[in-house]
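Commentary on secondary and tertiary structure
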Amino acid sequence: MTGPRIAVAGAGSIGCYVGGLLASAGHDVRFLARPRVVTACAQAGLSLTDYAGHAEHVAAPCMVETSADALTGADMILVCVKSGDTGAMAAEIAAHAPEAQVISLQNGVENAGLLRAALPAADIRAAMVPFNVVAEGPAHYHRATSGEILVEAGPLPDMSTPTLTWRQVNNIEAVQWGKLLINLGNAINALSDLPLLTQLQSRAWRRLMADQMAEALRILAVAGISPAKTTAVPPKLIPHILRLPTPVFRRIAAQMLTIDAHARSSMWEDLKRGRRTEIDALQGTIIALADRHGRQAPLNARMRHLIREAEVAGEGSPGLKPDQIRR
Ligand SMILES: NC(=O)C1=CN([C@@H]2O[C@H](COP(=O)(O)OP(=O)(O)OC[C@H]3O[C@@H](n4cnc5c(N)ncnc54)[C@H](OP(=O)(O)O)[C@@H]3O)[C@@H](O)[C@H]2O)C=CC1
Ligand SMILES: CC(C)(CO)C(=O)C(=O)O
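Each chain carries its own residue numbering, running from 1 in the direction its sequence is written. As a convention, the first chain written is A and the first ligand written is 1, with the rest following in written order. Whole-chain, interface and lining totals are the exception, using all residues; otherwise, since this is a predicted model, local features are given only for residues with pLDDT of at least 70 and side-chain atom pairs are given and counted only at 80 or more. Computation of side-chain values: all heavy atoms of the structure, hydrogens and water removed.

**Side note on the packing of helix α11 (residues 283-292) against helix α12 (residues 298-313)**
Their axes nearest at 9 Å, the elements α11 and α12 cross at an angle of 140°. Considering the angle they form, α11 stands oblique to α12. Both α11 and α12 take part in a crossing whose hand is left-handed. Residues Gln-283, Gly-284, Ile-286 and Ile-287 of α11 form the contact with α12, whose participating residues are Asn-300, Ala-301, Met-303 and Arg-304. When the residues that make up the contact of α11 with α12 are grouped by side-chain class, the tally is four nonpolar, three polar and one charged. Only the stretch in contact is used when a helix axis is fitted, and all axes are lines through C-alpha atoms; the angle between N-to-C directions ranges over 0 to 180 degrees. By definition, any uninterrupted DSSP run of H or I lasting at least four residues is a helix, any uninterrupted run of E lasting at least two residues is a strand, and each is numbered from the N terminus. To sort the angles, those under 35 degrees are grouped as roughly parallel, those over 145 as roughly antiparallel, those from 65 to 115 as roughly perpendicular, and the leftovers as oblique. Left-handed describes a crossing whose near helix is turned anticlockwise from the far helix through less than a right angle; right-handed describes the clockwise counterpart. Contact between two residues is taken to exist if any of their heavy atoms lie within 4.5 Å; hydrogens are not considered. We call Asp, Glu, Lys and Arg charged. Ala, Val, Leu, Ile, Met, Phe, Trp, Tyr, Cys and Pro are nonpolar, and the rest, Gly among them, are polar.

**Some details on the sheet that holds strand β9 (residues 133-137)**
Between any two strands, pairing holds if DSSP finds at least two bridges. Reading across the sheet, the four strands line up as β4-β3-β10-β9 and stay open at both edges, with mixed pairing between neighbours. The sheet is open, and its two edges are formed by β4 (55-58) and β9, each paired on a single side. Averaged over all adjacent pairs, the angle separating strand axes in this sheet is 25°, with direction ignored. Sheet topology note: the strand β3 (residues 46-50)/β4 ladder contains four bridges and is antiparallel. What sits directly across from Thr-49, in β4, is Ala-55. Sheet strands in contact with helix α1 (residues 13-24) are β3, β4, β9 and β10 (140-143), and its direction is about 95° off that of β3.

**So, the site of ligand 1**
Only heavy atoms are used to decide nearness, and a residue is near a molecule or strand if one of them lies within 4 Å of it. Near ligand 1, the surroundings consist of 24 residues, among which Ile-14, Asn-107, Asn-132, Val-133 and Glu-278 are the closest. Residue Arg-36 places a side-chain N or O atom 3.1 Å away from an oxygen atom belonging to ligand 1. Here a polar contact is taken to be a pair of N or O atoms separated by no more than 3.5 Å, where protein atoms must pair a possible hydrogen donor with a possible acceptor and residues adjacent in sequence count only if both atoms sit in side chains. At 3.2 Å from an oxygen atom of ligand 1 is found a side-chain nitrogen or oxygen belonging to Lys-82. When ligand 1 sits alone it has 880 Å² of accessible area, and the protein chains cover 90% of it. Within the shell around ligand 1, the residues separate by chemical class into ten nonpolar, seven polar and seven charged. Counting contributing residues per domain, the shell around ligand 1 is built from domain 1 (2-170) and domain 2 (173-326), each supplying no fewer than three. To measure how exposed things are, a 1.4 Å probe is used in the Shrake-Rupley method; for residues, cover is taken only from the protein chains shown. Those domain boundaries reflect an automatic or database domain assignment.

**A word on the site of ligand 2**
Inspection of the region around ligand 2 gives Asn-107, Pro-130, Phe-131, Asn-132, Lys-179, Asn-183, Asn-186, Ser-265 and Ser-266 as its neighbouring residues. Within the side chain of Asn-186, a nitrogen or oxygen atom sits 2.6 Å from an oxygen atom of ligand 2. Coverage of ligand 2 by the protein amounts to 89% of the 280 Å² it exposes when considered alone. Considering each element in turn, the shell around ligand 2 owes the most residues, three residues, to helix α5 (residues 172-192). Looking at the shell around ligand 2, its residues break down into two nonpolar, six polar and one charged.

**Here's the deal with the side chain of His-142**
With respect to the helices and strands, the residue His-142 is situated in strand β10. At 2.6 Å, the side chain of His-142 and the side chain of Asp-260 are in polar contact. Once residues within four sequence positions are removed from consideration, His-142 is found in contact with Thr-49, Asp-50, Tyr-51, Asn-132, Val-133, Val-134, Glu-136, Asp-260 and His-262.

**Remarks on the domain arrangement of the protein chain**
Often, the extent of an interface is quoted as the loss of accessible area upon association of its parts. Assigned domains within the protein chain: domain 1 (2-170) and domain 2 (173-326). Domain 1 and domain 2 are separated by 24 Å when their C-alpha centres are compared. Summed over both partners, the accessible area lost on bringing two parts together, with a 1.4 Å probe, is the buried area. Summed over both partners, the interface of domain 1 with domain 2 buries about 2100 Å², with 51% contributed by carbon and sulfur atoms. When residues of domain 1 are sorted by the area they lose upon contact with domain 2, Lys-82, Asn-107 and Val-109 head the list and together hold 27% of the total. Throughout this description, the term salt bridge denotes a Lys or Arg side-chain nitrogen within 4 Å of a carboxyl oxygen of Asp or Glu. Of the charged contacts in the structure, one is a salt bridge between Asp-270 and Lys-82, with a shortest N-O distance of 2.7 Å.

**Re the side chain of Gln-106**
Within the secondary structure, Gln-106 sits in the loop between β7 (101-104) and α4 (111-118). Polar side-chain contacts of Gln-106 include one of 2.9 Å to the side chain of Thr-86. The contacts of Gln-106, once residues within four sequence positions are left out, are Val-79, Val-81, Lys-82, Ser-83, Thr-86, Asn-111, Leu-115, Ala-127 and Gln-176.

**A look at the layout of surface pockets**
The volume enclosed by the second largest pocket comes to roughly 220 Å³. Contributing elements (two or more residues each) for the lining of the second largest pocket: α4 and α12. Of the residues contributing to the lining of the second largest pocket, the split by class is four nonpolar, six polar and six charged. Two domains share the lining of the second largest pocket, each providing at least three of its residues, namely domain 1 (2-170) and domain 2 (173-326). Detection works on a 1 Å grid of protein atoms alone, calling trapped sets that fit a 1.4 Å probe cavities and calling open sets with protein on both sides within 12 Å along at least five of seven lines pockets, with lining residues defined by an atom within 4 Å of a point. Grid points are joined across faces, edges and corners, and a volume is the space filled by probe spheres set on the points.

This is the structure we're talking about:
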């Protein structure tokens, strides 16, 4: 074992994948997970695959547990719960490892602030995970897109592994806003019931993504927020690229991202499993910002409405078409 003792707080898709790669690279990692994940790992270990054909197997089921004792004694905690569970997880960290370094691998722009408020003695860092991880089976996590983890700069051990790079940045808040713009597409993917790759091949879907992102970009501009690049192109160009004819879009997209046929947004997975989604941390943030500045964000509001309806119905993705969403 090398380096700090690491605990994954909320081992689902991101926690099992990122923590599993760290364990596989020789780090001392414990996972705090739900019983279904503990049972699956106890039976088969963790299986990790990616879009480039890499495969790893972590045969250490005893590191995965349901008790928050998994956090005790950790030097570093990777917070990997959905945004709605950050407050509860912060309380567990405060009770078990209040001085550990804490890295939030979550989407949204508010989680690091919530953790800071609950853990005043801790070194809290926001990080941005650009890639998609889907649960392919009970203990099988598949990374379906490319990208490296960006983490707020400061003293940090080397966390990079052969297939996953961690890079420190000085502008993490701007990066998180840039990622939030991309994550607005999570709802569209969740409502469509389509693999992301299939959806990106359709100009009608891309136009919807573009219109929603352009609406959010206008609100951010009014609020004086400059989102940073999280892909090869600046955020303000992305709507234009999305609106291009499909053959042109395909050529440009191939230089921005590698994506395989398994990719689906984490929000799609939430609907499928009947869980609460992160809609309030994503579209909700844009709508609240619009409100504060006396503006409207109707397409983001429509998306939030439809996702909330799907949450209440509890039947997974409603499988809507672009014109049904726009209506
Ligand atoms: N999946 C992806 O591709 C990406 C996700 N992200 C972000 O990463 C974060 C995590 O997402 P993801 O990994 O997909 O989410 P998951 O829902 O797959 O994983 C979170 C896990 O934490 C569990 N959990 C919550 N509270 C506790 C607790 N107190 N004790 C033990 N386990 C707990 C959840 O269980 P339960 O569901 O039963 O509550 C769930 O299994 C989110 O903010 C997401 O937006 C960022 C980039 C990509
Ligand atoms: C798919 C991806 C990488 C971007 O929307 C994501 O962040 C998610 O699924 O939550």
